[in-house]
Amino acid sequence: MQGFLTASAAKLPRSPLYTAIRAGWVCSSCKRHGASRLPALSSYQRSFSSSPARTTAAAPKPYYVTTPIFYVNAAPHVGHLYSMVMADVFKRWEVLKGRQAYLCTGTDEHGMKVQRAAELQEVPPKIFCDSNAETFMDLAQKVNMSNDYFVRTTDPDHREAVEFFWGRLRERGYIYESKHEGWYCVSDEAFYPENMVEKRVDSMTGKPFIASIETGNEVEWTEERNYHFRMTDLKDRLLQFYKENPQWVVPATRMADVVSWVQNNLEDLSVSRPASRLSWGIPVPDDPSQTIYVWVDALINYITKAGYPMWTPGSENALGWPADVHIIGKDIVRFHCVYWPALLLALDLPLPKRILSHGHWLMNSRKMSKSIGNVVNPFFAIDRWGVDTMRYFMIYNGGVSQDSDYDNSFIVDRYKKGLQGGLGGLLNRVTRSKAWNFRSIIEQAHGQVLKPADWKLQHMQAEITELRRATECLSQNTADFFENELNPGRALKEIMEVVFQANRLLQHTEPWNLVKQGEVEAAHQIIYHAAESCRIAGILLQPFMPEKSGRLLDRLGVDQGQRTFDHARFGSDSTYGVSTVPLGEGAQSSLFPPIPAEN
Ligand code: MSP
């Protein structure tokens with residue numbers, strides 16, 4: 001390996017950035033060069049004009065969450081939307097908790113798949129990518145994603161990061177040239193060993209073809225000279241890392257698959273393709289006759305926007321690396337849980353802290369996929385159901401361990417039960433009744449210790465106490481689901497369970513009748529408890545439904561400054577109770593109006 005290092009040194013990448021950084025580079029792990037050489041970097045500091053302000057070296061590491069970057073060969077579908085919403089919910093959760101957080105999404109634009117799609121449309125690949133990347137940007141905006149970055153693998157800063165990364169791999173002896181023979185799947189952009197392909201017959205045409213066993217997609221035989229990455233050299237370090245970090249991949253069953261794959265199937269990885277076959281990509285820096293493998297290119301996106309390679313000592317973490325969580329679909333686990341850590345380990349760079357791999361959305365029992373043609377257009381879905389309804393539905397029904405079926409009737413069902421009846425019903429009941437003055441109840445009941453013994457209606461005690469207990473535990477339980485289990489779906493269900501519980505209390509006790517019967521104190525206690533559940537649920541729902549929960553808190557009259565995680569505590573706010581917006585009249589004025597009947 002050392003011999004290779006010397007041989008390759010003469011052919012280091014020639015980009016000015018690379019050369020400049022080489023001169024002053026300080027390896028973040030071994031700190032081989034002295035800090036005195038660092039000033040050389042400053043003039044090359046990338047301009048982060050569209051980026052959030054850099055934090056100082058002393059500041060705590062910002063939270064950093066990513067989506068996969070999306071292939072631009074086809075339009076987005078609701079499967080992609082799921083990754084986007086999931087990641088956004090994680091970022092917003094951290095912001096709610098008062099932490100600085102960055103979210104990165106983007107598009108994966110190189111590779112054979114995109115090259116062929118552009119050829120098919122007879123459009124130059126960059127123009128093809130520009131137009132399709134814009135659709136993904138539009139979707140991010142439409143779904144109210146709070147991403148700080150939108151990385152495109154055709155961006156110059158990304159290209160520089162990839163070139164630099166490649167140069168470091170070469171320098172460390174991890175890249176060698178060799179003949180490659182094997183199966184390549186353009187649709188998956190993946191090489192497969194012989195034991196992972198099989199003969200199949202196309203059910204439509206009756207034509208036999210060779211397919212990946214895992215994905216069912218067609219593979220083609222390739223024989224070429226290309227560069228390889230010595231991934232097998234990292235086998236022990238990978239296995240050691242998995243052993244020390246058993247919670248690294250969620251869910252745990254997928255972690256077991258990863259470990260087993262590394263134990264039994266790990267091979268060196270082909271990391272380039274001849275430019276004569278694949279021209280649409282980043283050329284190997286010192287050998288333009290080869291193009292860098294699209295997955296190596298793509299994975300590096302996660303550190304591009306975290307500032308790599310401009311990681312000066314003390315500021316490596318300023319933009320969030322190592323990522324707190326990469327959100328990915330279950331089909332790309334191997335790339336993220338084997339190839340990516342192997343590449344990072346090769347350069348002694350920190351590994352992402354956790355990987356959350358979610359299940360797929362199915363349509364007619366098959367993975368929603370453009371190639372099958374069973375996709376739902378996310379723009380249409382958002383137009384039809386509303387952005388927050390879609391966000392709510394996707395997180396509520398979407399699976400982590402399991403796949404989920406997509407059907408409009410499920411959306412209607414969730415909307416009616418959870419939003420219209422559940423949350424909207426609770427809000428209306430506490431704020432709109434003529435039987436009490438909502439603000440006075442908050443003012444008077446706030447801080448009072450529940451004195452059930454004083455009440456004539458003892459049978460209500462248990463239910464009120466139970467709601468109070470559930471509401472008091474809610475923020476911590478929600479935090480556990482987010483932060484330990486990486487399961488926003490469970491967190492959402494936990495919040496909604498309290499909403500349902502508050503509604504049940506109202507239905508059972510009928511405070512409007514209690515008022516008529518003169519049981520005013522009991523009625524007020526019940527309303528106060530239901531209002532606190534509604535307020536706290538509203539605060540905790542902000543990451544899931546930013547618009548609707550904002551409007552809910554407006555209607556409750558919760559001050560903008562009192563909508564943080566710290567305020568999601570029972571009795572922590574006595575100032576609300578007067579709506580800051582007109583409540584309006586009639587069904588359509590409701591926060592969750594009835595769904596219009598189909599034409
Ligand atoms: N470009 C790669 C990712 C590179 S990340 C360094 C890729 N792109 S993709 O467009 O095919 O998929 C993007 C994400 O969408 C993946 O997480 C994938 O799992 C997810 N989904 C694609 N179809 C899906 C469903 N039907 N359901 C849920 N998620 C799905 O892979």
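Residues numbered from 1 in each chain as written. Predicted model: local features only at pLDDT ≥ 70, side-chain atom pairs only at ≥ 80, totals over all residues. Heavy atoms only, no water.

**A closer look at the sheet that holds strand 16 (residues 361–363)**
Here three strands make up an open sheet; going across it, the order is 17-16-18 and the pairing mixed. Looking at strand neighbours, the two that pair on one side only are strand 17 (366–367) and strand 18 (404–405), the edges of this open sheet. Pairing between strand 16 and strand 17: two bridges, direction antiparallel. Pairing of methionine 363 across the sheet is with arginine 366, part of strand 17. (Pairing = 2+ DSSP bridges. Helix = DSSP H or I, 4+ residues; strand = E, 2+ residues; numbered from the N terminus.)

**A short note on unusual backbone geometry**
Here the amide bond leading from tyrosine 308 into proline 309 is cis, since omega sits at 5°, within 30 degrees of zero. Along the chain, proline 309 turns up in the loop between helix 11 (301–304) and strand 14 (325–329). Cis geometry is adopted by the peptide bond preceding proline 322, which originates at tryptophan 321 and carries an omega value of 5°. Along the chain, proline 322 falls in the loop between helix 11 and strand 14. One non-glycine residue, serine 365, lies in positive phi territory at about 65°. Unusually for a residue other than glycine, glutamate 510 sits at a positive phi of about 45°. Residue position: glutamate 510 is located in the loop between helix 18 (488–509) and helix 19 (511–516).

**Concerning helix 7 (residues 156–171)**
The end-to-end C-alpha separation of helix 7 is 22 Å, in line with the 22 Å expected for 16 residues at 1.5 Å each. In terms of residue burial, helix 7 counts as a mostly covered element, since 13 of its 16 residues are buried. Of the residues one or two after helix 7, glycine 173 is the one with positive phi, at around 80°. (Expected span 1.5 Å × (residues − 1). Buried < 20%, exposed > 50% of the residue type's maximum accessible area, 1.4 Å probe, protein only.)

**Section: the side chain of serine 589**
Here serine 589 lies in the segment after helix 21 (546–556). Relative accessible area serves as the criterion here: at 14%, serine 589 is assigned to the buried category. Polar contacts involving the side chain of serine 589 include one to the main-chain carbonyl oxygen of leucine 583, which spans 3.5 Å. Ignoring sequence-local partners within four residues, the contact set of serine 589 consists of Arg432, Arg555, Leu583 and Gly584. (Polar contact = N/O pair within 3.5 Å; in protein donor to acceptor, adjacent residues only side chain to side chain. Contact = heavy atoms within 4.5 Å.)

**Structural notes on the site of the ligand**
Within the structure, the ligand sits among 25 residues, and Ile69, Asp108, Gly329, Asp331 and Trp361 are positioned closest to it. In this structure, a nitrogen atom belonging to the ligand sits 2.8 Å away from a main-chain N or O atom of isoleucine 69. Breaking the shell around the ligand down by element, the ones donating at least two residues are strand 1 (63–71), helix 4 (78–96), helix 10 (294–299), helix 11 and strand 14. In terms of residue count, the dominant contributor to the shell around the ligand is strand 1 (four residues). (Near = heavy atom within 4 Å.)

**Quick word on the environment of proline 543**
Checked against the element boundaries, proline 543 lands in the loop between helix 20 (520–540) and helix 21. Taking C-alpha positions, proline 543 is 8.9 Å from glutamate 94, a pair spaced 449 residues apart along the chain. Once residues lying within four places of it in the same chain are set aside, the contact partners of proline 543 are Val89, Arg92, Trp93, Leu96 and Arg391.

**Some thoughts on the side chain of glutamine 542**
Within the fold, glutamine 542 resides in the loop between helix 20 and helix 21. In this view, glutamine 542 contacts Arg92, Leu96, Ser549, Leu553 and Arg563; residues no more than four positions away in its chain are not counted.

**Observations regarding the pairing of strand 14**
Strand 14 sits mainly inside the fold: five of its five residues count as buried. The side-chain alternation of strand 14 yields two buried faces, one formed by Val325, Ile327 and Gly329 and the other by His326 and Ile328. Summarising the sheet, strand 1 and strand 14 pair through two bridges and their orientation is parallel. The residue of strand 14 that forms the bridge with valine 65 is valine 325. Pairing of strand 14 with strand 15 (residues 355–358), which is carried by four bridges, proceeds in the parallel orientation. The residue of strand 15 that forms the bridge with histidine 326 is isoleucine 355. Where the polypeptide runs from strand 14 across helix 12 (residues 333–346) and back to strand 15, its parallel neighbour, the crossover connection is right-handed. (Right-handed = clockwise from strand over helix to strand, strands pointing away.)

**Quick word on the nonpolar core**
If you look at the biggest cluster of nonpolar residues, it comprises 107 residues, and the most contacted ones within it are Met390, Tyr406, Phe544 and Leu556. Examining the composition of this core, we find that twelve residues originate from one element, helix 20, more than from any other. Formed jointly, this core draws a minimum of three residues from each of two domains, domain 1 (1–173 + 277–321) and domain 2 (418–589). Excluding its chain neighbours within four sequence positions, the residues that come into contact with tyrosine 406 are Val78, Trp361, Leu362, Met363, Met368, Val376, Ala381, Met390, Phe393 and Ile411. Ranked by size, the runner-up nonpolar core spans 78 residues in total, among them Ile282, Trp311, Leu319 and Leu351. (Core = buried A, V, L, I, M, F, W, Y, C linked by side-chain atoms within 4.5 Å. Domains from an automatic or database assignment.)

**Examining the sheet that holds strand 11 (residues 272–274)**
Spatial ordering of the open sheet is given by 11-13-12, a layout of three strands whose pairing is antiparallel. Because the sheet does not close on itself, it has two edges, and the strands there are strand 11 and strand 12 (283–284). Strand direction decides the pairing type here: strand 12 and strand 13 (residues 287–292), joined by two bridges, are antiparallel. Residue proline 283 lies in a different strand from strand 13, and its bridge partner there is threonine 291.

**Quick look at helix 5 (residues 112–120)**
Inspection of helix 5 places Met112, Lys113, Val114, Gln115, Ala117 and Ala118 among the buried residues, and these make up the whole buried set. Just downstream of helix 5 lies glutamate 122, where phi reads positive at about 55°.

**Here we look at the pattern of salt bridges**
In this structure the tally under the stated criterion is 34 salt bridges. As a salt-bridge pair, lysine 142 and aspartate 383 come within 2.6 Å of each other at their nearest N and O atoms. Taken together, the residues lysine 142 in helix 6 (residues 125–142) and aspartate 383 in helix 13 (residues 378–385) connect sequence positions 241 residues apart. In this structure, glutamate 198 engages arginine 200 in a salt bridge whose closest nitrogen and oxygen atoms are separated by 2.7 Å. (Salt bridge = Lys/Arg side-chain N within 4 Å of Asp/Glu carboxyl O.)

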